[in-house]
Amino acid sequence: MSAEVSAVFLVRGSTDELVPAELRDGIGELELQHWEHHWRPYLIERVRAMQAQGVPRAKWPQQLHWNWRLKATVAEMFLGQRGFATRCEGMTQGLMLVGLLSDARIVEQRGKPLVYVDYLEAAPWNQSSLQRPPKYRGVGSLLIHAAVTLSVEETFSGRTGLHSLPQSDTFYRNVCGMTDLGLDAAKQNLRYFEMTPEQAQVFLKKGR
Amino acid sequence: MPEPTKRTMTLNLSDEEMRVLDSLAERKDLTKTAVLRQALRLYQMVSVRGERGEKLVFENEETKEKAELMLL
């Protein structure tokens, strides 16, 4: 599959300088190889170190069990799912899968379609809980920006929803400005966040 | 993001089908094209998963009563 590519920027964590990057509409074989041969070994090494230091399991990276090859392969079969990746200095820095067949839950938007972020993960060296300073900052914002932009392009007015892993709750609430609809017993008790069209406008104006 | 290539087709609908399309577009706050695109995405997903032997079940939020959609 040939991906559409947009020029974007990430922020180098050590110097705060902007670094040219790519946003790719699609998750290809190269991105999956980066996940398998670079992300996974790094993540496993960090978890082993945490284990040796006695860090409780609840503080380990919560996306440890995610299999991007399986997820991307399934998503590619369906028109209602889309994958995105960001690449910087030759390496995949973030991956995201979204669905286009979910409806909004906020009362005044209820029943209207939204882009649902199924999975979003920054490369482990970009996660401040695993590396300080992270190699690049802004991966999460960049991918959420892509999801909201897709929502606008699909005429969903920017409506975007997701279930957040506990380590990311603050990011979606404070950085993305999404509404917190509370814990969802039907989805492993994860917190559900939603962005209204008005919140989407504010978020998009901030830029990526 | 760059726009993917799109193709145009003419669609003939009955008055009743057009009324349903208009109504869905209004209720869902979508263009009619977007409603049909959503319908295609949903139909594809239901078909593929049905072919895999999976069932589509509707559950009433209050009564928890379940009804299976029969795919023919």
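Residues numbered from 1 in each chain as written. Chains lettered and ligands numbered in written order. Predicted model: local features only at pLDDT ≥ 70, side-chain atom pairs only at ≥ 80, totals over all residues. Heavy atoms only, no water.

**A look at unusual backbone geometry**
Residue and element names in this part refer to chain A. For the bond running from Arg132 to Pro133, omega is -10°, close enough to zero to count as cis. Of note in the backbone geometry, Glu89 takes a positive phi value of approximately 50° without being a glycine. Relative to the helices and strands, Glu89 resides in the loop between β3 (81-88) and β4 (91-103). (Helix = DSSP H or I, 4+ residues; strand = E, 2+ residues; numbered from the N terminus.)

**Description of helix α2 (residues 32-51) of chain B**
All names here are of chain B. Between its first and last C-alpha, α2 extends 28 Å over 20 residues, near the 28 Å set by a 1.5 Å rise per residue. Here α2 has its buried residues at Ala34, Val35, Gln38, Arg41, Val46 and Val48. Trailing α2 by a residue or two, Gly53 shows a phi angle of about 90°, which is positive. (Expected span 1.5 Å × (residues − 1). Buried < 20%, exposed > 50% of the residue type's maximum accessible area, 1.4 Å probe, protein only.)

**What about the confidence of the model for chain B?**
All names here are of chain B. Put simply, chain B has an average pLDDT of 90, and 92% of its residues get 70 or more. Within chain B, helix α1 (residues 15-28) carries the highest mean pLDDT (97), whereas strand β2 (residues 66-69) carries the lowest (85). Scored as a complex, the prediction yields pTM 0.93 and ipTM 0.86. (pLDDT = per-residue confidence, 0-100.)

**Examining the packing of helix α1 (residues 29-52) of chain A against helix α2 (residues 68-76) of chain A**
Packed helices, taken two at a time, are described by the angle their axes make and the gap between the axes. Residues and elements named next belong to chain A. Interhelical geometry of α1 versus α2 gives an angle of 160° and a closest axis separation of 10 Å. Judged by the inter-axis angle, α1 sits roughly antiparallel to α2. Together, Glu29, Leu32, Gln33, Trp35 and Glu36 of α1 and Trp68, Arg69 and Ala72 of α2 make up the contact between the two elements. Tallied by class, residues from the contact of α1 with α2 come to four nonpolar, one polar and three charged. (Axes fitted to C-alpha atoms, helices over the stretch in contact; angles between N-to-C directions. Parallel < 35°, antiparallel > 145°, perpendicular 65-115°, else oblique. Contact = heavy atoms within 4.5 Å. Nonpolar A, V, L, I, M, F, W, Y, C, P; charged D, E, K, R; others polar.)

**Comments concerning the packing of helix α3 (residues 139-153) of chain A against helix α5 (residues 197-206) of chain A**
All names here are of chain A. One way to put it is that α3 packs onto α5 with a least axis distance of 10 Å and a crossing angle of 130°. Between α3 and α5, the crossing angle belongs to the class labelled oblique. In this structure, α3 crosses over α5, and the sense of that crossing is left-handed. Contact residues: α3 offers Ser141, Ile144, His145, Val148, Thr149 and Val152, while α5 offers Ala200, Phe203 and Leu204. For the contact of α3 with α5, the class distribution of residues is six nonpolar, three polar and no charged. (Left-handed = near helix turned anticlockwise from the far one by under 90°.)

**Side note on the sheet that holds strand β7 (residues 160-164) of chain A**
Residues and elements named next belong to chain A. Strand order across the open sheet formed by nine strands is β6-β1-β2-β3-β4-β5-β7-β9-β8, with mixed pairing between neighbours. Where the open sheet ends on each side, the last strands, each with one partner, are β6 (136-137) and β8 (179-184). Where β8 lies against strand β9 (residues 190-195), four bridges are found, and the strand directions are antiparallel. Directly across from Thr179, in β9, lies its bridge partner Glu194. Packed on one face of the sheet, α1 meets β2 (18-25), β3, β4 and β5 (113-122) and runs near 110° to β4. α3 contacts β1 (4-12), β2, β3, β4, β5, β6, β7 and β9 of the sheet and is inclined by roughly 35° relative to β4. (Pairing = 2+ DSSP bridges.)

**A few points about the interface of chain B and chain A**
On the side of chain A, 24 residues touch chain B, which itself brings 21 residues to the contact. Approximately 1900 Å² of surface area, both sides summed, lies buried where chain B meets chain A, with 55% of it carried by carbon and sulfur atoms. Counting every contact that joins chain B to chain A gives four salt bridges. Note that B:Asp29 is salt-bridged to A:Arg159, the shortest N-O span being 3.5 Å. Between chain B and chain A we count seven residue pairs in polar contact (both at pLDDT 80 or more) in total. Of all the elements in the fold, those that place two or more residues in the side of chain B that touches chain A are α1 and α2 of chain B. Examining the composition of the side of chain B that touches chain A, we find that ten residues originate from one element, α2(B), more than from any other. When its residues are assigned to classes, the side of chain B that touches chain A shows nine nonpolar, three polar and nine charged. (Buried area = accessible area lost by both parts, 1.4 Å probe. Salt bridge = Lys/Arg side-chain N within 4 Å of Asp/Glu carboxyl O. Polar contact = N/O pair within 3.5 Å; in protein donor to acceptor, adjacent residues only side chain to side chain.)

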